[in-house]
Amino acid sequence: MIERLLNCVREKRPLIHHITNMVTVNDCANITLAIGGLPVMAHAIEEVEEMVAASQALVLNIGTLTREQVDAMIMAGKTANSLKIPVVLDPVGAGATGMRTESAKRILNEVKIAVIKGNSAEIGILSGAGGKIRGVEAEGIHNDIESYKRFAKDNDCIVAVSGATDVITDGSRVAYVDNGHPMMSTITGTGCMLSSVVGCFCGAESDYFDATVAAFASFGLAGELAAAHPEVKGQASFKVAFFDEIYNLTEEKIKAGIKVRFEYF
Amino acid sequence: MIERLLNCVREKRPLIHHITNMVTVNDCANITLAIGGLPVMAHAIEEVEEMVAASQALVLNIGTLTREQVDAMIMAGKTANSLKIPVVLDPVGAGATGMRTESAKRILNEVKIAVIKGNSAEIGILSGAGGKIRGVEAEGIHNDIESYKRFAKDNDCIVAVSGATDVITDGSRVAYVDNGHPMMSTITGTGCMLSSVVGCFCGAESDYFDATVAAFASFGLAGELAAAHPEVKGQASFKVAFFDEIYNLTEEKIKAGIKVRFEYF
Amino acid sequence: MIERLLNCVREKRPLIHHITNMVTVNDCANITLAIGGLPVMAHAIEEVEEMVAASQALVLNIGTLTREQVDAMIMAGKTANSLKIPVVLDPVGAGATGMRTESAKRILNEVKIAVIKGNSAEIGILSGAGGKIRGVEAEGIHNDIESYKRFAKDNDCIVAVSGATDVITDGSRVAYVDNGHPMMSTITGTGCMLSSVVGCFCGAESDYFDATVAAFASFGLAGELAAAHPEVKGQASFKVAFFDEIYNLTEEKIKAGIKVRFEYF
């Protein structure tokens with residue numbers, strides 16, 4: 001089923017407006033192109049409303065936030081809401097500083113979010129379940145499914161938690177994604193790139209739960225396929241192979257390779 | 001003829017001051033080094049005049065513009081004008097938002113531009129011929145040669161329009177460049193990188209028409225050569241091969257591979 | 001001896017807080033991961049104190065400085081000082097503009113620096129020995145060892161000067177590192193990446209002289225090993241191989257490959 005969403009992305013070629021961090025912005029643009037979307041990055045408060053109005057999804061990422069940037073995110077997010085354009089929030093480093101936690105909460109309060117995607121520490125801290133973060137990385141993984149479901153219900157959104165096993169829930173449905181490879185954590189920005197890919201799928205499919213599961217499974221599978229390349233000798237050659245595999249994904253590969261379990265309540 | 005300009009770049013090693021976007025800035029710096037120039041990026045209003053004064057060309061790119069950044073561009077541009085340093089303008093996303101269109105026009109009004117380089121939508125919108133842009137990409141390509149020539153004459157500059165066939169004109173001469181490869185559009189920032197390469201050639205050769213044609217042909221040819229690499233398996237391995245080919249370009253390869261037609265009026 | 005410091009980095013996995021430029025920030029994050037550290041980038045004045053307090057080293061790089069960013073650097077630096085967290089300063093382009101020279105001096109005056117790392121022009125200009133810079137690159141290399149030693153003593157810090165032969169001194173000890181390869185200068189940001197690696201070693205070893213020597217030797221050795229790869233065909237494939245070699249460094253490789261001479265006074 002969800003493997004067909006890849007073709008939706010490639011046929012619709014959704015425009016994904018990013019307001020994102022300066023560390024991984026190039027990778028986010030390239031992964032968007034590789035999976036089949038069209039990226040645009042714009043953060044000036046004077047233009048974000050106009051830019052988001054032309055897009056099919058908005059990705060907000062607070063990885064190198066400033067106060068002005070958060071203001072622009074909220075302005076773009078409200079425009080997206082009024083136009084029924086899905087908003088993906090990546091609360092990078094929530095919990096690492098007060099500013100990050102408060103900014104993520106402020107965005108959640110002022111903007112209707114379609115998908116919030118983070119690691120177990122970021123989501124744990126925002127949902128109240130707790131967690132420990134070091135820089136922008138979770139220390140230890142403690143998936144509290146009930147807490148994720150409540151967080152999803154409270155915000156009427158998809159909660160997507162990356163980890164060795166990814167957890168995605170809309171409050172009643174829960175999906176566990178076992179795709180992925182340890183090499184993915186050796187490069188910076190895999191989390192940011194995954195948020196861009198989630199944006200692409202949500203820009204092409206209105207069931208954001210299915211869209212998010214498809215994004216996570218496709219992304220993790222590409223990591224597995226890349227790690228198996230004989231020419232991968234370390235971090236950087238893995239990164240090249242990973243982008244190539246995202247670019248070369250097909251419905252058939254996804255069908256054969258995805259490892260997803262669903263629970264319904 | 002124009003193949004010799006590559007050696008001019010490599011001998012003079014022009015310093016190219018960029019005020020550019022945060023998405024592709026690293027690629028712009030690397031392509032500048034690869035073709036034989038020396039990149040410097042600086043955008044603080046307190047230092048742009050001093051930095052541009054030491055450079056051989058200035059590249060202005062509005063890909064992630066802010067009001068402050070446009071102010072810095074105009075200040076740097078005026079200094080460049082007073083010192084006869086060529087200014088290359090890449091009006092990324094002109095037409096996508098009012099801010100982009102107005103900023104590009106403001107720069108064109110206040111700074112003497114040597115080369116304006118964009119896709120057919122960006123140039124069409126700025127020249128009055130019209131066009132449709134989605135994010136930062138042209139939708140459909142409608143080359144209106146007469147409009148480009150008029151735009152070039154009105155601004156006393158080179159107008160360079162990227163596309164399957166690139167069009168470059170100074171208002172009387174027109175060059176059509178057929179070099180390039182579809183893989184080039186699978187990576188973000190090829191347009192930005194091309195502007196950097198145009199900056200390098202303009203920093204080494206005072207006939208900016210010839211310089212721009214040489215830049216486009218060299219750039220497209222490197223794309224063709226890269227796409228033929230057996231190790232290219234997708235977007236990212238193509239990007240690696242492309243930078244390698246820019247780095248390994250020679251006068252001989254350009255002479256053998258360029259596909260340029262000229263028209264004189 | 002110093003080869004063992006690599007394992008210290010990998011065991012402690014120091015968190016390295018960067019306030020750095022937008023050109024090479026992605027490479028700095030990836031090299032930090034590759035050598036064994038954990039990167040975090042944050043520059044908002046509201047959060048830098050909290051972020052640096054959680055880190056094991058702070059890297060300040062003025063490559064695309066603004067006034068606000070320098071203020072954030074000084075604020076973060078003072079917090080680092082109060083917590084005995086080492087601060088690495090990379091005065092990119094000092095001498096190229098008044099703003100860069102003054103900002104580097106202001107940081108040196110207001111923050112206790114553990115290691116200042118630059119090319120011979122940047123260090124020469126800041127130490128008073130003189131030098132000539134073009135953009136952000138030294139023109140000609142004039143190592144004035146006595147001047148470096150005096151500069152180190154005056155600031156009670158390590159002075160580390162990159163070049164064909166790197167020079168590192170704490171004012172009494174001097175180390176000369178002959179590792180490295182000319183291909184390293186064909187990619188942008190090697191200097192910035194080296195500062196990140198110095199940050200990683202200083203975050204894991206409290207003798208900052210040894211830490212800096214180990215960082216330089218390891219970095220240069222990875223460049224040599226990468227340049228020997230048969231698949232390296234140019235700038236970009238070298239960069240991939242270089243990151244892979246940093247990732248694959250071992251105590252044994254460093255022991256076998258480092259070229260360091262020490263002088264004691």
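Here the structure is shown first, and the text comes after it.
**Q** For this particular structure, what's the right way to read the overall build of chain A?
**A** The secondary structure content of chain A amounts to 11 helices and 11 strands. Taking 18 Å as the expected radius of gyration for a compact globule of 265 residues, we find that chain A reaches 17 Å, a close match to that expectation. Overall size of chain A, expressed as C-alpha extent along the three principal axes, is 45 × 35 × 35 Å. Counting every position in chain A, which comprises 265 residues, the buried fraction comes to 66%. Long-range pairs, those at least 24 residues apart, make up 70% of the contacts in chain A with a sequence separation of at least 6. Only carbon and sulfur atoms are counted for the fraction: they give 51% of the accessible area of chain A, which is about 8700 Å².

**Q** Explain the pattern of salt bridges here, please?
**A** Think of it this way: side chains of opposite charge can pair up when their charged atoms draw near. One pass over the full model with this rule turns up 51 salt bridges over all chains. Among the salt bridges present, the one from Lys253(B) reaches Glu245(B), with a minimum N-O distance of 3.9 Å. Judged by relative accessible area, Lys253(B) falls into the partly exposed class, the value being 32%. A residue is classified by how much of its surface remains accessible, and Glu245(B), at 11% relative accessible area, is buried. In this structure, Arg106(C) and Asp71(C) form a salt bridge, with 3.1 Å as the shortest nitrogen-oxygen distance. One end of the pair, Arg106(C), is in helix H5 (residues 98-110); the other, Asp71(C), is in helix H4 (residues 67-82), with 35 residues separating them in the sequence. On the accessibility criterion, Arg106(C) (27% relative accessible area) is partly exposed. Residue class for Asp71(C) comes out partly exposed when judged on its relative accessible area of 30%. Salt bridges sharing partners connect three or more residues here, namely Asp71(A), Lys78(A), Arg106(A) and Glu110(A).

**Q** How should I be thinking about the relation of the copies chain B and chain A in this particular structure?
**A** The second copy of the chain is related to the first by a rotation about an axis and a shift along the axis. The operation relating chain B to chain A is a screw motion whose rotation component is 120°, with 0.0 Å of axial translation and a residual RMSD of 0.0 Å. Here the symmetry operator amounts to a three-fold rotation axis. Across chain B, the rotation axis passes nearest the C-alpha of Met22(B), at a separation of 3.7 Å. Mapped onto chain A, only 7% of the interface residues of chain B are again interface residues, and the two copies thus contact each other with different surfaces.

**Q** Honestly, the interface of chain C and chain B in this entry has me stumped. Any pointers?
**A** Size of an interface: often given as the accessible area lost when the parts come together. With 30 residues of chain C at the contact, the number on the chain B side is 31 residues. Together, the buried faces of chain C and chain B total about 2400 Å²; carbon and sulfur atoms form 55% of this surface. Three residues, Met22(C), Arg134(C) and Gln235(C), lead the burial of chain C against chain B; their summed loss comes to 26% of the area buried on that side. Where chain C touches chain B, the interface holds 4 salt bridges. One salt bridge in this structure joins Glu46(B) and Arg67(C), with 3.8 Å as the shortest N-O distance. On the surface where chain C and chain B come into contact, there are 16 residue pairs in polar contact (both at pLDDT 80 or more). Mapped by element, the contributors of at least two residues to the side of chain C that touches chain B are H5 and helix H10 (235-247) of chain C. Among the elements that line the side of chain C that touches chain B, the one with the most residues is H10(C), at 5 residues.

**Q** Whenever I open this one, the relation of the copies chain C and chain B confuses me. Can you help?
**A** Rotating chain C by 120° and translating it 0.0 Å along the rotation axis places it on chain B, where the RMSD comes to 0.0 Å. Interface overlap between copies: only 7% of the residues of chain C at the interface are likewise at the interface in chain B, consistent with a contact formed by different surfaces.

**Q** Is there a simple way to explain the sheet that holds strand E8 (residues 158-162) of chain C in this structure?
**A** Residue and element names in this part refer to chain C. Spatial strand order, E2-E1-E3-E4-E5-E8-E9-E10-E11: 9 strands in an open sheet with mixed pairing. Two strands in the sheet have a free side with no partner beyond their single neighbour: strand E2 (38-41) and strand E11 (260-264). Strand-to-strand twist of the sheet, defined as the mean angle between neighbouring strand axes without regard to direction, takes the value 20°. Of the pairings in the sheet, the one linking strand E10 (residues 173-177) to E11 comprises 5 bridges and is antiparallel in character. Bridge pairing links Tyr176 to Arg261 in E11.

**Q** How should I be thinking about the interface of chain B and chain A in this particular structure?
**A** The interface is formed by 30 residues belonging to chain B together with 31 residues belonging to chain A. In this assembly, chain B packs against chain A so that about 2400 Å² is buried in total across both faces, 55% of it on carbon and sulfur atoms. On the chain B side of the contact with chain A, Met22(B), Arg134(B) and Gln235(B) bury the most area, a combined 26% of that side's loss. On the surface where chain B and chain A come into contact, there are 4 salt bridges. Connecting chain B to chain A are 16 residue pairs in polar contact (both at pLDDT 80 or more). With 5 residues, helix H10 (residues 235-248) of chain B is the largest single contributor of residues to the side of chain B that touches chain A. Split into classes, the residues belonging to the side of chain B that touches chain A amount to 10 nonpolar, 13 polar and 7 charged.

**Q** Would you take a moment to explain the environment of Tyr176(A) for this structure?
**A** All names here are of chain A. Counting through the fold element by element, Tyr176 comes out in strand E10 (residues 173-177). Taking relative accessible area as the criterion, Tyr176 reaches 11% and is therefore assigned buried. As for Tyr176 and Glu245, which are separated by 69 residues in sequence, their C-alpha atoms are 22 Å apart. When sequence neighbours within four positions are dropped, the list of residues in contact with Tyr176 reads Ile145, Thr165, Asp166, Val167, Lys259, Val260, Arg261 and Glu263. Reaching out from Tyr176, the side chain makes a polar contact with the side chain of Glu263 at a distance of 3.5 Å.

The rules behind each value
- Here the residue numbering is sequential within each chain, running from 1 through the sequence in written order.
- Naming scheme: in the order in which they are written, chains are lettered from A and ligands are numbered from 1.
- In keeping with the model being predicted, local features are shown solely for residues with a pLDDT of at least 70 and side-chain atom pairs are shown and tallied solely at 80 or more, while totals for entire chains, interfaces and linings include all residues.
- The basis for every side-chain value is the complete set of non-hydrogen atoms in the structure, without hydrogens or water.
- Per the convention used, a helix needs a DSSP run of H or I reaching at least four residues, while a strand needs a run of E reaching at least two, with both numbered from the N terminus.
- C-alpha atoms define the radius of gyration, and 2.2 Å times the number of residues to the power 0.38 defines the globule rule.
- Relative accessibility thresholds used throughout: buried, under 20% of the residue-type maximum; exposed, over 50%; partly exposed, between the two (1.4 Å probe, protein chains only).
- By definition, residues are in contact when any of their heavy atoms lie within 4.5 Å.
- Here the Shrake-Rupley method, with its probe set to 1.4 Å, supplies the accessible areas, and only the displayed protein chains count as covering residues.
- Any Lys or Arg side-chain nitrogen located within 4 Å of an Asp or Glu carboxyl oxygen qualifies as a salt bridge.
- Copy-to-copy superposition: least squares on the C-alpha atoms, limited to residues that have pLDDT of at least 70 in both copies.
- Buried area: the accessible surface (1.4 Å probe) lost by two parts on joining, summed over both.
- Under the rule applied, a polar contact is a pair of N or O atoms within 3.5 Å (in protein, one hydrogen donor and one hydrogen acceptor; residues adjacent in sequence only if both atoms are side-chain atoms).
- A pair of strands is labelled paired if DSSP reports no fewer than 2 bridges between them.
- Fitting a line to C-alpha atoms yields each axis, with helices limited to the stretch in contact; the angle taken between N-to-C directions then spans 0 to 180 degrees.
- Amino acid classes used here: Ala, Val, Leu, Ile, Met, Phe, Trp, Tyr, Cys and Pro are nonpolar; Asp, Glu, Lys and Arg are charged; the rest, including Gly, are polar.

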